[in-house]
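# Observations on the model geometry
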Amino acid sequence: MKPMTPIEAQTFCTKYTKESGSNFYYSFLFLPQQRREAMYTIYAFCKMVDSAVDEPAPGSHPIEEVRKWRQEVTATYQGHPTQPVTTSLAAHLQTFDIPETLLQELISGVEMDLTSNRFSTFADLYQYCYRVASVVGLICLKIFQTQSPAAEDYAINLGLAFQLTNILRDLKGDAEQNRIYLPLEDLQRFGYSEKALLNQQRSPALVELLKFECERARTYYRQAQEILQTLPLSDQKSLVVSEIMRGVYSRILKQLEDPHYQVFGPRVRVAPLQRLGIAAHIWIRSVLSHNIAPTV
């Protein structure tokens, strides 16, 4: 098969991201073209690596697929990509200084799903969330080209908040696969058993557990917001896309809380028009507050 040109590879990544139905797609629309295309590529990369483990193709071996992705990343940084997504990534690396170590650590996070379906403590879960979510935020900072070192703390906190929200939203689906991402120490603290969670049993103990976990996620959202307010205005403007995602994921968390933590019902979603509305509102607010002309 003839290798793709960087332009063809970018078209592939853009199409892949758009068809994914991700909450992130609508936030990317508000970026300047070069950054937007880089974000499409990063999203496609993250999704493909994740799918190799969580949705493996028939006949594939996830451990081997992870190994191949590690090799592909190294080859890309040596100037020899072989896949469409890494061909596009290689082109963006000419502009954006994304360290290879971040991509490799992301792969390490995804790889944890092959060996762990329980987390004893929040410290254990923290490492997982950091690798699969906060690291993505740190990669995004390289594309947004923020200047303040404190932006890294913002990205780390926001990534943790996003992943904790995902975990709460996916409790039902994970339970059906014998996966429990809530720390076992928390289940024990509130008197809610693993068996009850796997059987999707509602109880007052579950409600108290979920209140605690939702508040933990909200704490990370608040910490991210507090850090954002200390950043230079130029960095705040660069992080509008992240703030759009904070708006969308905060909405998901609120929907999980109302009414009465219905986490075992249909998977909570924010409708596309709602996502676009949240994105437009936050983007316009940013433009007006910073008095800076839009750069889409």
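Residues numbered from 1 in each chain as written. Predicted model: local features only at pLDDT ≥ 70, side-chain atom pairs only at ≥ 80, totals over all residues. Heavy atoms only, no water.

By the naming in an unreviewed UniProt entry, the protein goes by Presqualene diphosphate synthase HpnD and is assigned to Candidatus Nitrospira neomarina.

We now examine the overall build of the protein. Each helix and strand in the protein was counted, giving 15 helices and zero strands. Computed over the C-alpha atoms, the radius of gyration of the protein is 19 Å, within 12% of the 19 Å expected from 2.2 N^0.38 for a compact globule of 296 residues. The dimensions of the protein, computed from C-alpha atoms along their principal axes, are 55 × 50 × 35 Å. When the 296 residues of the protein are sorted by exposure, 50% land in the buried category. Within the protein, counting contacts between residues at least 6 apart in sequence, those at least 24 apart form 72% of the total. (Helix = DSSP H or I, 4+ residues; strand = E, 2+ residues; numbered from the N terminus. Rg over C-alpha atoms; globule rule 2.2 N^0.38 Å. Buried < 20%, exposed > 50% of the residue type's maximum accessible area, 1.4 Å probe, protein only. Contact = heavy atoms within 4.5 Å.)

Together, Leu 29, Leu 273 and Leu 276 make up a nonpolar patch on the protein surface, roughly 270 Å² of accessible area in all. Structurally, Leu 29 is set in the loop between helix H2 (24-28) and helix H3 (33-54). (Patch = residues over 30% accessible without salt bridge, like charges linked within 9 Å, V, L, I, M, F, W, Y side chains within 5 Å. Areas by Shrake-Rupley, 256 points an atom, 1.4 Å probe, with all protein chains shown as cover. Salt bridge = Lys/Arg side-chain N within 4 Å of Asp/Glu carboxyl O.)

This brings us to the side chain of Glu 243. Structurally, the position occupied by Glu 243 is in helix H14 (residues 240-257). Here Glu 243 falls in the buried class, since its relative accessible area comes to 7%.

What follows deals with the pattern of salt bridges. By the definition in use, this model includes 16 salt bridges. Measuring nitrogen to oxygen at the nearest pair gives 3.0 Å for the salt bridge that ties Glu 111 to Arg 70. One end of the pair, Glu 111, is in helix H6 (residues 100-112); the other, Arg 70, is in helix H4 (residues 62-77), and 41 residues separate them in sequence. Among the ionic pairs, Arg 131 bridges to Glu 105, the shortest N-O distance being 3.9 Å. Residue Arg 131 is located in helix H7 (residues 122-144), and its partner Glu 105 is located in helix H6; the two are separated by 26 residues in the primary sequence. Within the structure, one salt-bridge network assembled from shared partners comprises Arg 169, Asp 170 and Arg 267.

Let us now look at the side chain of Gln 10. By the secondary structure assignment, Gln 10 is in helix H1 (residues 6-20). Side-chain polar atoms of Gln 10 contact the backbone oxygen of Glu 37, separated by 3.1 Å. Sequence-distant contacts of Gln 10, defined by excluding residues within four places in its chain, comprise Glu 37, Tyr 40, Thr 41, Ser 88 and His 92. (Polar contact = N/O pair within 3.5 Å; in protein donor to acceptor, adjacent residues only side chain to side chain.)

What follows is about the packing of H3 against helix H5 (residues 84-92). In the contact formed by H3 and H5, the axes pass within 9 Å of each other and the chain directions differ by 140°. With respect to each other, H3 and H5 are oriented oblique. Helix-helix and strand crossings are classified by hand; for H3 and H5 the assignment is left-handed. The residues of H5 that touch H3, namely those facing Gln 34, Glu 37, Ala 38, Thr 41, Ile 42, Ala 44, Phe 45 and Met 48, are Val 85, Ser 88, Leu 89 and His 92. In terms of residue class, the contact of H3 with H5 is built from seven nonpolar, four polar and one charged. (Axes fitted to C-alpha atoms, helices over the stretch in contact; angles between N-to-C directions. Parallel < 35°, antiparallel > 145°, perpendicular 65-115°, else oblique. Left-handed = near helix turned anticlockwise from the far one by under 90°. Nonpolar A, V, L, I, M, F, W, Y, C, P; charged D, E, K, R; others polar.)

An ideal rise of 1.5 Å per residue puts 18 Å on 13 residues; H6 measures up with 19 Å between its terminal C-alpha atoms. Considered for burial, the residues of H6 that qualify are Leu 102, Leu 103, Gln 104, Leu 106, Ile 107, Ser 108, Gly 109, Val 110 and Met 112. Looking at the buried positions of H6, the neighbouring elements they touch are H3, H4, H5 and H7. (Expected span 1.5 Å × (residues − 1).)

Below, the discussion takes up H7. An α-helical turn contains 3.6 residues, so a residue and the one three or four places further along point in the same direction. The largest bend in H7 amounts to roughly 45° and is located at Tyr 130. Downstream of H7 by one or two residues, Gln 145 has phi in the positive range, about 60°. (Bend = angle between axes of the 7 residues up to and from the residue.)

Here H6 crosses H7 at 150°, and the two axes come no closer than 8 Å. Viewed along their axes, H6 and H7 adopt a mutual orientation that is roughly antiparallel. Considering only the axes of H6 and H7, their crossing is left-handed. Each of Leu 102, Leu 103, Glu 105, Leu 106, Ser 108, Gly 109, Val 110 and Met 112 in H6 lies in contact with H7, whose residues at this interface are Gln 127, Tyr 128, Tyr 130, Arg 131, Val 132, Val 135, Val 136, Leu 138 and Ile 139. Of the residues contributing to the contact of H6 with H7, the split by class is 12 nonpolar, three polar and two charged.

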